[in-house]
Amino acid sequence: MIVADKKRELIIDGAIKRFTHFGINKTTMNDIAEDLSVSKPSLYYYFPDKKHLILGVIERVFTDFYETLTKKINPDLPLEITLFNSIDIRNTFFQKYYMLRIAEGIPDLLNDDVIKSKLNSLKNLEKDFFAALFTRAKEKGEIDHEDMKHVSELYLESLMGLTTMCVMETGKDIFPDKKALNKMTQKQKDLSSIFTKGLKCE
């Protein structure tokens, strides 16, 4: 089982390298099999089609991101600092995986109910994590709101909007330069400050 898991992870590593360099649309399962010197039957044993391989890559990236969040974020720090720290982690992953261009492969994925359900579960896991951060801040008397899950959803969607604006301004096929990344990060932190102040107890 351990050997099988290692082989699956090796395939995902190969897919990430290939997707990053050539993009998802221009990569075939044959390309990945050739890169890794594995047989197509072996590749299809772990991933029955390209959609499931893309999902495996998304799961890997999200799992790495989520594990980093849970290890490095201290919910006992002031909320604003906690959110700033989470933004730094988020944008490190944004830079690392930007050229994956996962968005190019997602529209077709969303037509698959199983994959759509999995993607939603990953998204909900992140929402729950931030809802817990906001709940902890409420317990400490920093903020007050009746529905922390709703607060979490609004916050994450706002961050996503700012990230999307950065990509649109730069161009999706061009890696944002340091100035653009710093501008995006500062806007996200400004948003976090405004967000935190808006939730403060009177």
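Remember, predicted model here, so these are calculated numbers, not experimental data. (Residues numbered from 1 in each chain as written. Predicted model: local features only at pLDDT ≥ 70, side-chain atom pairs only at ≥ 80, totals over all residues. Heavy atoms only, no water.)

### What to know about the overall build of the protein
So, point 1. Within the protein one finds nine helices and zero strands.
So, point 2. For the protein, the sequential pattern of α-helices and β-strands runs α-α-α-α-α-α-α-α-α.
So, point 3. Dimensions along the principal axes, computed over C-alpha positions, put the protein at roughly 65 × 40 × 30 Å.
So, point 4. In the protein, buried positions account for 42% of the 202 residues.
So, point 5. By sequence separation, contacts in the protein at least 24 residues apart represent 74% of the contacts at least 6 residues apart.
So, point 6. Of the roughly 11600 Å² of accessible surface on the protein, 56% is carried by carbon and sulfur atoms.
So, point 7. Distance between charge centres in the protein, computed from 31 positive and 31 negative side chains, equals 4 Å. (Helix = DSSP H or I, 4+ residues; strand = E, 2+ residues; numbered from the N terminus. Buried < 20%, exposed > 50% of the residue type's maximum accessible area, 1.4 Å probe, protein only. Contact = heavy atoms within 4.5 Å. Areas by Shrake-Rupley, 256 points an atom, 1.4 Å probe, with all protein chains shown as cover. Lys, Arg positive; Asp, Glu negative; His and termini not counted. Charge placed at Lys NZ, Arg CZ, Asp CG, Glu CD.)

### What about the UniProt feature "domain: HTH tetR-type" (unreviewed entry) in the protein?
So, point 1. The UniProt record marks residues 5-65 with the feature "domain: HTH tetR-type" (unreviewed entry), using the residue numbering of this structure.
So, point 2. In the segment residues 5-65, helix accounts for 80% and strand for 0%; the C-alpha atoms at its two ends are 20 Å apart. (UniProt positions renumbered as here; feature names shortened; annotations may be inferred.)

### Concerning the pattern of salt bridges
So, point 1. Counted by the stated rule, this structure contains twelve salt bridges.
So, point 2. With a closest N to O distance of 2.9 Å, Asp76 and Arg136 form a salt bridge. Of this pair, Asp76 sits in the loop between α4 (50-72) and α5 (79-97) while Arg136 sits in helix α7 (residues 113-139), and the two are 60 residues apart along the sequence.
So, point 3. What makes Asp76 partly exposed here is its relative accessible area of 47%.
So, point 4. Residue Arg136 is classed as partly exposed on the basis of its relative accessible area of 29%.
So, point 5. Its salt-bridge partner being Arg90, residue Glu126 comes within 2.7 Å of it at the nearest N-O pair. On the criterion of sequence distance, the pair formed by Glu126 in helix α7 and Arg90 in helix α5 is long-range, its members being 36 residues apart.
So, point 6. Since its relative accessible area comes to 13%, Glu126 is described here as buried.
So, point 7. Taking the relative accessible area as the measure of exposure, Arg90 reaches 17% and is therefore buried.
So, point 8. Taken together, the shared-partner salt bridges connect Arg8, Glu9, Asp13 and Arg60 into one network. (Salt bridge = Lys/Arg side-chain N within 4 Å of Asp/Glu carboxyl O.)

### A few points about the packing of aromatic side chains
So, point 1. Inspection of every chain in the model, using the stated rule, returns twelve aromatic pairs.
So, point 2. Centre to centre, the rings of Tyr45 and Tyr46 are 4.9 Å apart; their planes meet at 90°, and the pair counts as edge-to-face.
So, point 3. Classification of Tyr45 by relative accessible area gives exposed; the value is 64%.
So, point 4. Measuring from ring centre to ring centre gives 5.8 Å for Phe134 and Tyr155, while their planes differ by 80°; the resulting arrangement is edge-to-face. Of this pair, Phe134 sits in helix α7 while Tyr155 sits in helix α8 (residues 148-170); the two residues are 21 residues apart in sequence, bridging distant segments of the chain. Taken as a pair, Phe134 and Tyr155 share a single burial class, namely buried. (Phe/Tyr/Trp six-rings, centres within 6.5 Å; stacked < 30°, edge-to-face > 60°.)

### With respect to the UniProt feature "DNA-binding region" (unreviewed entry) in the protein
So, point 1. In this numbering, the UniProt entry assigns the feature "DNA-binding region" (unreviewed entry) to residues 28-47.
So, point 2. End C-alpha atoms of residues 28-47 are separated by 13 Å, and the span's content is 75% helix alongside 0% strand.

### Quick word on α8
So, point 1. For α8, which comprises 23 residues, the first-to-last C-alpha distance of 33 Å matches the rise-based estimate of 33 Å (1.5 Å per residue) to within 8%.
So, point 2. Of the positions making up α8, those classed as buried are Met148, Val151, Ser152, Tyr155, Leu156, Leu159, Thr163, Cys166 and Val167.
So, point 3. Regarding α8, its N-cap is Asp147, as a side-chain oxygen of that residue lies 3.2 Å from the backbone nitrogen of Lys149 further along. (Expected span 1.5 Å × (residues − 1). Polar contact = N/O pair within 3.5 Å; in protein donor to acceptor, adjacent residues only side chain to side chain.)

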